[in-house]
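Structure at a glance
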Amino acid sequence: MDALLAALADPARRRLVSLLAERPRPVGVLAQLADARQPQTTKHLQTLERVGVVTSRRTGQRRIYALRPGPLRELAAALSRLADAADQVSGTDTPYDRYGLSVHTERLAAQEPGWADGRSFTFHRSLAERPELVWRHLTEAALLARWWTPEDLRVSELVFEARPGGRIVQEYRDAEDDGGSDPVAGRAEGVVVDVSPGERLAYRLSPLLPDGRLAFTAHVDMGLRPTGTGTDLDVHWRMTDSTVESADFVAGIEIGFGQSLDKLAATLATDPHDSDTDTNGTDTKSTDSAGGAARTDTGSAT
């Protein structure tokens, strides 16, 4: 397949293939129709014959070339499978495409500092576990690391001190970047504002621009309510201190945080009795509301 693709990468060879698709032809005629010299045409035909897409036979003083459609059908089928696979994850309504549209809109709006101040979002998820376990997933770094990123990303460093005034650090990389060869995808720093275990968690978190300045400040307020089947989680998200350079960050808030909450719901539904063991290849540190601290360092990655 690779040899066939390499052979067809040459426009002159593709022209010969098109001519042979009409009917078998001798070398001289092919050279005339392709407006090429016969020796060059012969070399191209020999290359196509080696990869199996054309065949030839001598008739008297002439060598006649003909197209073999089988290899082209196999190539077309392979390309069609690739396209079908891409269709499963692409389209005009995928997160990638929606993010692209949002980036364009936000860049046009970001004309001066404070342009997005007051922007707010609300999120709601009905979760399958009791508030006490949901609370652990919101405040314990080892469990936070399992869900607190959008798709295609993983937490690479996480500090969450679950007490008023506690420090927050969130750094993440591409999910497939196990060795740290790609630049950090993002980093945010913040502080915990209010803690009511099992009921309410509020914090401020600011993504950092490449030069280390704050892109904006997110004020996040999470409320938990027990239900007959688990927990209702309501999140209110508000922005201040927005900079002109924050447009790309702002464009991904609703999509990215929504994906993170979906991961939280899926984590609780499939593995509700999580332990404190970190399985995300993450340097994590958490402090509970009573002041006890725990740190987990692992070399594995999901």
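For the structure, check the block above.
Residues numbered from 1 in each chain as written. Predicted model: local features only at pLDDT ≥ 70, side-chain atom pairs only at ≥ 80, totals over all residues. Heavy atoms only, no water.

Some details on the packing of aromatic side chains
Overall, the coordinates contain seven aromatic pairs when judged by the stated rule. Seen from their ring centres, F121 and W237 are 5.6 Å apart, and the 70° between their planes marks the pair as edge-to-face. Of this pair, F121 sits in strand β4 (residues 120–127) while W237 sits in strand β10 (residues 231–240), and the two are 116 residues apart along the sequence. Each member of the pair F121 and W237 is classed as buried. Ring pairs connect the aromatic residues W147, W148, F160 and Y203, which therefore count as one cluster. (Phe/Tyr/Trp six-rings, centres within 6.5 Å; stacked < 30°, edge-to-face > 60°. Helix = DSSP H or I, 4+ residues; strand = E, 2+ residues; numbered from the N terminus. Buried < 20%, exposed > 50% of the residue type's maximum accessible area, 1.4 Å probe, protein only.)

With respect to the packing of helix α7 (residues 131–139) against helix α10 (residues 253–270)
Each pair of packed helices can be summarised by the angle the axes make with each other and by the distance between the axes. Viewed as axis vectors pointing N to C, α7 and α10 meet at an angle of 130°, and their least axial separation amounts to 11 Å. As the angle between them shows, α7 and α10 are arranged oblique. Here the hand of the crossing between α7 and α10 comes out right-handed. Contacts between α7 and α10 involve L133, V134, H137 and L138 on the former and, on the latter, L264, T267 and L268. (Axes fitted to C-alpha atoms, helices over the stretch in contact; angles between N-to-C directions. Parallel < 35°, antiparallel > 145°, perpendicular 65-115°, else oblique. Left-handed = near helix turned anticlockwise from the far one by under 90°. Contact = heavy atoms within 4.5 Å.)

Here's the deal with the pattern of salt bridges
Going through the model one piece at a time under the given rule, you end up with 18 salt bridges. Notably, a salt bridge pairs E132 with R130, separated by 4.0 Å at the nearest N-O pair. Accessibility expressed as a relative area gives 43% for R130, which makes it partly exposed. In this structure, R136 and E140 form a salt bridge, with 3.1 Å as the shortest nitrogen-oxygen distance. When salt bridges with common partners are traced through the structure, they connect E157, E171, R187 and E189 into a single cluster. (Salt bridge = Lys/Arg side-chain N within 4 Å of Asp/Glu carboxyl O.)

Examining the environment of L5
By the element assignment, L5 lies in helix α1 (residues 2–8). What makes L5 partly exposed here is its relative accessible area of 41%. With 70 residues separating them along the chain, L5 and L75 place their C-alpha atoms 8.4 Å apart.

Focus: the environment of R154
Here R154 shows up in strand β5 (residues 153–161). We classify R154 as buried; its relative accessible area is 7%. It is 5.5 Å that separates the C-alpha atoms of R154 and R173, two residues lying 19 residues apart in sequence.

Some points on the side chain of H44
Structurally, H44 is set in helix α4 (residues 38–50). Every residue in contact with H44, bar those within four places of it in the chain, is listed here: D10, A12, R13 and L16.

Remarks on a negative patch on the surface
Together, E151, D152, D174, E176, D178 and D182 line one region of the surface with negative charge. Along the chain, the position of D182 falls in the loop between β6 (167–174) and β7 (186–196). Its relative accessible area of 42% is what places D182 among the partly exposed residues. (Patch = residues over 30% accessible without salt bridge, like charges linked within 9 Å, V, L, I, M, F, W, Y side chains within 5 Å. Areas by Shrake-Rupley, 256 points an atom, 1.4 Å probe, with all protein chains shown as cover. Lys, Arg positive; Asp, Glu negative; His and termini not counted. Charge placed at Lys NZ, Arg CZ, Asp CG, Glu CD.)

Remarks on the sheet that holds strand β3 (residues 62–67)
Strand order in the open sheet made by the three strands is β1-β3-β2, with antiparallel pairing throughout. Single-partner strands in this sheet number two, and they are β1 (25–26) and β2 (54–59). Across six bridges, the pairing between β2 and β3 is antiparallel. Bridge pairing links S56 to Y65 in β3. Contacts between helix α2 (residues 11–22) and the sheet are confined to β1, β2 and β3, with β3 contributing the most and set at about 90° to the helix. Together, β2 and β3 form the strand contacts of α4, whose direction differs from that of β2 by roughly 120°. (Pairing = 2+ DSSP bridges.)

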